[in-house]
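Understanding the architecture of this molecule
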Amino acid sequence: MTPRADPLKDVVVVGAGLAGLVAARQLRRSGLSVGVIEAAPTVGGRMVRSPLQLGPERTPAWVDLGGQWVGPSHSRFLALLESHGLRRFPSPHGGETVLSFGTHRCTFSGFFQGFPEGQPPSVPSGDWDDAMAALKQFQDLVASMPEGHPHHHPDADALDRLSFQDWIDSHTHTPFAAWYFAYFCRAVGFLGPAEPDQVSLLHVAWGQRTAPQGDHPEEDLIHGGAGQVPALLAEGLGDALVLGEPVRAIHQSESATGPGLEATVEVITDRSSHPCRAVIVAMPPARAGAIHFTPALPADRLALQEGMAMGNCSKVLVAYGRPWWRESGLSGIGIGDRPWVELCADSSDPETGLGVLAAFVVGRRRERWSALGAAQRRAAVLEDLAAYFGPMALEPLDYVEKNWPEEPFVGGAFAAWMPPGLWTRSGDALLRPHGRVYWAGTEVAERWPGFFEGAVESGERAATAVAALLG
Ligand SMILES: Cc1cc2nc3c(=O)[nH]c(=O)nc-3n(C[C@H](O)[C@H](O)[C@H](O)COP(=O)(O)OP(=O)(O)OC[C@H]3O[C@@H](n4cnc5c(N)ncnc54)[C@H](O)[C@@H]3O)c2cc1C
């Protein structure tokens with residue numbers, strides 16, 4: 001079949017996740033003609049919501065299968081929410097956190113996720129002191145990191161040679177402290193999730209510098225779900241938005257060296273071909289690796305696409321008739337080395353009256369879990385929730401899981417991470433354009449990579465650069 005040929009556009013954006021849609025909106029506002037091509041049948045990528053199946057007598061309610069939280073320093077994303085009139089509510093966390101470690105279970109009026117807050121848990125004081133002494137050293141390392149990409153840091157080579165596990169082994173002395181940092185690596189923000197033996201120490205230290213948990217990036221939730229944003233951004237694109245067509249190839253003519261030329265780039269799917277003057281590829285580097293580029297990409301970019309793995313995470317949302325855990329003084333935050341769920345949190349929208357727990361199955365736990373049958377996976381998650389909060393966890397109204405590594409056009413959650421050696425080999429390739437091809441997507445952001453905020457920053461940055469190129 002001969003591919004359908006579209007009329008010439010100024011810019012084609014490949015990928016209709018948050019980054020691509022933000023880039024397209026900005027370019028359209030600056031008067032350029034834009035096409036957006038998305039592989040999946042819907043827009044949104046890692047930003048997607050799903051209705052709960054609650055029966056006809058209940059008010060419809062939504063849960064986010066992808067990203068959901070927003071923090072006070074996510075200024076770009078907060079502005080976007082405001083411009084669409086989307087309302088937020090504080091992420092519920094009143095009450096005691098549950099910590100489960102080995103055979104020990106305790107509740108405490110504090111929290112830790114990379115940083116400790118409030119009262120410490122009642123683990124043996126030697127364990128906690130060991131974790132806190134190592135945390136102090138980790139925070140010193142974090143403070144030495146730049147806010148921009150870290151591969152030009154004076155110690156980048158040495159830090160990038162090590163895995164985070166190397167650092168854990170040489171800075172902790174108790175199993176609890178070792179787990180504290182491994183949990184931090186798996187469960188927090190844009191660090192993958194990755195297992196600590198997989199990820200570069202440079203990546204982890206910089207991640208905490210540029211996307212600090214101390215800024216409370218999980219402070220607020222969005223009524224109706226963050227997953228409603230992509231469709232709002234896509235409004236008005238009309239037939240400039242092509243869905244369900246993975247881009248297979250991007251060809252640039254050898255003369256695509258300066259502005260003013262007509263069609264110099266061709267974006268090709270199985271069904272259509274899109275001539276344009278510049279392209280923004282807005283997706284994780286690993287997914288861009290499935291696109292054939294002519295002229296060929298340089299070696300450092302190819303290594304980036306090959307090596308920057310997506311996080312190993314599944315998200316599970318479990319809905320109950322009410323947030324019953326609060327009746328026993330619990331916050332709904334559970335942290336622990338349980339067989340499956342290392343972190344869960346209360347995500348109940350007060351306007352629905354429902355209780356919703358968001359649970360994460362990450363790292364090698366996720367690999368074992370995803371090999372189980374559907375009923376076993378459900379039972380495994382519910383048993384861990386019951387261990388954290390009590391047996392009522394076993395009787396939900398609805399249970400929804402999203403196994404992100406199985407999503408063909410995303411490939412993982414929350415975001416991508418760098419193994420040892422990759423930052424120093426390929427860091428420059430994250431943002432360096434390839435002729436008239438520019439890169440966006442949360443992974444390339446210099447601030448809040450892995451978060452919505454980073455996706456917005458990357459989309460705006462790429463759009464600004466392309467608008468300047470095209471004059
Ligand atoms: C489970 C989970 C929880 C998260 N929690 C949070 C949170 O609470 N707060 C927060 O700020 N962030 C969170 N995130 C991260 C946040 O969702 C992402 O940072 C953001 O949505 C990434 O947007 P993006 O546009 O960069 O990439 P993506 O959303 O991955 O978009 C890339 C798009 O490109 C498309 N694509 C891929 N290949 C092709 C191709 N060949 N041709 C055409 N299109 C293609 C994909 O289908 C996709 O739509 C979470 C993510 C997940 C998955």
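These numbers come from a predicted model, not from an experiment.

**Observations concerning the packing of helix H3 (residues 125–143) against helix H7 (residues 201–210)**
For the pair H3 and H7, interaxial distance at closest approach is 8 Å and the crossing angle is 80°. In terms of orientation, H3 and H7 fall into the roughly perpendicular class. Residues Phe 138, Leu 141, Val 142 and Ala 143 of H3 form the contact with H7, whose participating residues are Leu 201, Val 204, Ala 205, Gln 208 and Arg 209. In terms of residue class, the contact of H3 with H7 is built from seven nonpolar, one polar and one charged.

**Examining the site of the ligand**
Contacts to the ligand come from 32 residues, most closely from Glu 38, Arg 46, Trp 69, Thr 442 and Phe 452. Take Glu 38: an N or O atom from its side chain is 2.5 Å from an oxygen atom of the ligand. The backbone of Phe 452 places a nitrogen or oxygen atom 2.7 Å from an oxygen atom of the ligand. Protein chains shield 97% of the accessible area of the ligand, which is 1,000 Å² for the free molecule. Those elements that provide at least two residues to the shell around the ligand are helix H1 (18–29) and helix H14 (452–470). Among the residues making up the shell around the ligand, the classes are represented as 19 nonpolar, 10 polar and three charged.

**A closer look at helix H10 (residues 299–307)**
Within the span of H10, buried status applies to Asp 300, Arg 301, Ala 303, Leu 304 and Gln 305. Contacts from the buried residues of H10 go to helix H9 (285–288), helix H13 (422–426) and strand S24 (437–440).

**A look at the sheet that holds strand S8 (residues 104–108)**
If you trace the seven strands from one edge of the open sheet to the other, you get S8-S7-S19-S20-S21-S18-S22, paired in mixed fashion. Of all strands in the sheet, those bounded by a partner on one side alone are S8 and strand S22 (398–403). With direction set aside, neighbouring strand axes in the sheet form an average angle of 15°. Inspection of the sheet shows strand S19 (residues 330–336) paired to strand S20 (residues 343–346) by two bridges, in the antiparallel sense. Bridging from a neighbouring strand, Ile 335 pairs with Leu 343 of S20. Packing of helix H6 (residues 175–187) onto the sheet brings it into contact with strand S7 (96–101), S19, S20 and strand S21 (355–362), and relative to S7 it is tilted by some 115°. The strands that helix H11 (residues 363–370) touches are strand S18 (313–320), S21 and S22; relative to S21, the one it contacts most, it runs at about 100°.

**Some details on the pairing of strand S3 (residues 34–37)**
Here S3 shows a buried face lined by Val 34 and Val 36 and a second buried face lined by Gly 35 and Ile 37. In this sheet, S3 lies alongside strand S2 (residues 9–14) in parallel orientation, the contact comprising four bridges. Paired with Val 14 across the bridge in S3 is Ile 37. Assessed by its sense of winding, the connection that carries the chain from S2 through H1 to S3 is right-handed. Where S3 and strand S12 (residues 241–242) come together, two bridges link them in parallel fashion. Residue pairing for S12: Ile 37 is matched across the bridge by Val 242.

About the criteria used
Residues numbered from 1 in each chain as written. Predicted model: local features only at pLDDT ≥ 70, side-chain atom pairs only at ≥ 80, totals over all residues. Heavy atoms only, no water. Axes fitted to C-alpha atoms, helices over the stretch in contact; angles between N-to-C directions. Helix = DSSP H or I, 4+ residues; strand = E, 2+ residues; numbered from the N terminus. Parallel < 35°, antiparallel > 145°, perpendicular 65-115°, else oblique. Contact = heavy atoms within 4.5 Å. Nonpolar A, V, L, I, M, F, W, Y, C, P; charged D, E, K, R; others polar. Near = heavy atom within 4 Å. Polar contact = N/O pair within 3.5 Å; in protein donor to acceptor, adjacent residues only side chain to side chain. Areas by Shrake-Rupley, 256 points an atom, 1.4 Å probe, with all protein chains shown as cover. Buried < 20%, exposed > 50% of the residue type's maximum accessible area, 1.4 Å probe, protein only. Pairing = 2+ DSSP bridges. Right-handed = clockwise from strand over helix to strand, strands pointing away.

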